[in-house]
Amino acid sequence: MRLTLMDTAATEAAGAALGSVLPRSLVVYLHGELGAGKTTLVRGMLKALGHPGRVPSPTYTLVEPYELGGRELQHLDLYRVADPEELEFLGVREMEGVVLIEWPERGEHFLPAPDMRCRLSVVPEGRGLEIEGVTERGRGVCQAWAQALGGKT
């Protein structure tokens, strides 16, 4: 599925739609350059799941954990990871629930395999979003997400 997201509100709305179909367990790789909207997409999802507060980028903390509606979520940002082996100490492979990983290419070989990939990019119209289901579960979430977005592809 490919979408054009006109602004921050549209990116958050796309994240909210993902939140509405999110299973209890899913690994999502979030690809995109700086400023492409990865954290904004996550912010929309977390707000839709009932998170009342700020949603910071975990650039410096590496991991921001959340528990919403009986669901565990881990939001990781690997932009500043100097050595992927650092991820072993965080126990990334053992994380349960929903694991959202920004900059996954910086943690290759130390991350759980993705169920789904989201690629965000800066385009003249705003932001581009491309989603791909990698596993059967991921493909199911992609289909449900597309329906929650009203079938816009």
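In this text, all values refer to a predicted model and were calculated from it rather than measured experimentally.

1. Quick word on the overall build of the protein
Helix and strand counts for the protein come out as 4 helices and 7 strands. For the protein, the N- to C-terminal ordering of α and β elements is β-α-β-α-β-β-α-β-β-β-α. The C-alpha atoms of the protein give 14 Å as radius of gyration, which agrees with the globular expectation for 153 residues (15 Å, within 12%). Its C-alpha atoms give the protein principal-axis dimensions of roughly 40 × 35 × 30 Å.

2. Concerning helix α1 (residues 8–21)
Taking 1.5 Å per residue, 14 residues should reach 20 Å; α1 reaches 21 Å between its end C-alpha atoms and fits that length. Buried-residue contacts for α1 involve β1 (2–5), α2 (38–48), β6 (116–123), β7 (126–133) and α4 (136–148).

3. A look at the pattern of salt bridges
Under the definition given, this model contains 5 salt bridges. A salt bridge links E12 to K47; its shortest N-O distance comes to 3.8 Å. Taken together, the residues E12 in helix α1 and K47 in helix α2 connect sequence positions 35 residues apart. Note that R119 and E132 form a salt bridge whose closest N and O atoms lie 3.2 Å from each other. Remark: E132 occurs in strand β7 and R119 occurs in strand β6; sequence separation between them is 13 residues. Residue class for E132 comes out partly exposed when judged on its relative accessible area of 34%. Salt bridges linked by common partners bring E12, R43 and K47 together as one network.

4. Brief notes about the sheet that holds β7
The sheet built from 7 strands is open, its strands ordered β1-β7-β6-β2-β5-β4-β3 with mixed pairing. Among the strands making up the open sheet, the edge pair consists of β1 and β3 (63–68). On average, each strand axis in the sheet is tilted by 20° relative to the strand beside it, whichever way the strands run. Where strand β2 (residues 26–31) and strand β5 (residues 98–102) come together, 5 bridges link them in parallel fashion.

5. A word on the packing of α1 against α4
Any two packed helices are characterised by how steeply their axes cross, that is the angle between the axes, and by the distance between the axes. Look at α1 against α4: their axes get within 9 Å of each other, and the N-to-C directions meet at 125°. Of the possible angle classes, the one that applies to α1 and α4 is oblique. Regarding α1 and α4, the two cross each other, and that crossing is right-handed. Only V141, A144, W145 and A148 of α4 make contact with α1, whose side of the interface consists of A14, A17, L18, S20 and V21. Split by residue class, the contact of α1 with α4 holds 8 nonpolar, 1 polar and no charged.

6. Remarks on the layout of surface pockets
Put simply, the largest pocket is a space of about 160 Å³. Contributing to the lining of the largest pocket are 14 residues, with L34, G35, K38, T39 and E102 lying nearest its centre. With 3 residues, α2 is the largest single contributor of residues to the lining of the largest pocket. Each residue belonging to the lining of the largest pocket can be placed in one class, and the counts come to 4 nonpolar, 6 polar and 4 charged.

Conventions adopted
- Residues numbered from 1 in each chain as written.
- Predicted model: local features only at pLDDT ≥ 70, side-chain atom pairs only at ≥ 80, totals over all residues.
- Heavy atoms only, no water.
- Helix = DSSP H or I, 4+ residues; strand = E, 2+ residues; numbered from the N terminus.
- Rg over C-alpha atoms; globule rule 2.2 N^0.38 Å.
- Expected span 1.5 Å × (residues − 1).
- Contact = heavy atoms within 4.5 Å.
- Salt bridge = Lys/Arg side-chain N within 4 Å of Asp/Glu carboxyl O.
- Buried < 20%, exposed > 50% of the residue type's maximum accessible area, 1.4 Å probe, protein only.
- Pairing = 2+ DSSP bridges.
- Axes fitted to C-alpha atoms, helices over the stretch in contact; angles between N-to-C directions.
- Parallel < 35°, antiparallel > 145°, perpendicular 65-115°, else oblique.
- Left-handed = near helix turned anticlockwise from the far one by under 90°.
- Nonpolar A, V, L, I, M, F, W, Y, C, P; charged D, E, K, R; others polar.
- 1 Å grid on protein atoms, 1.4 Å probe; cavity = no way out; pocket = protein on both sides within 12 Å on 5 of 7 lines; lining within 4 Å.
- Points joined across faces, edges and corners; volume = space filled by probe spheres on them.

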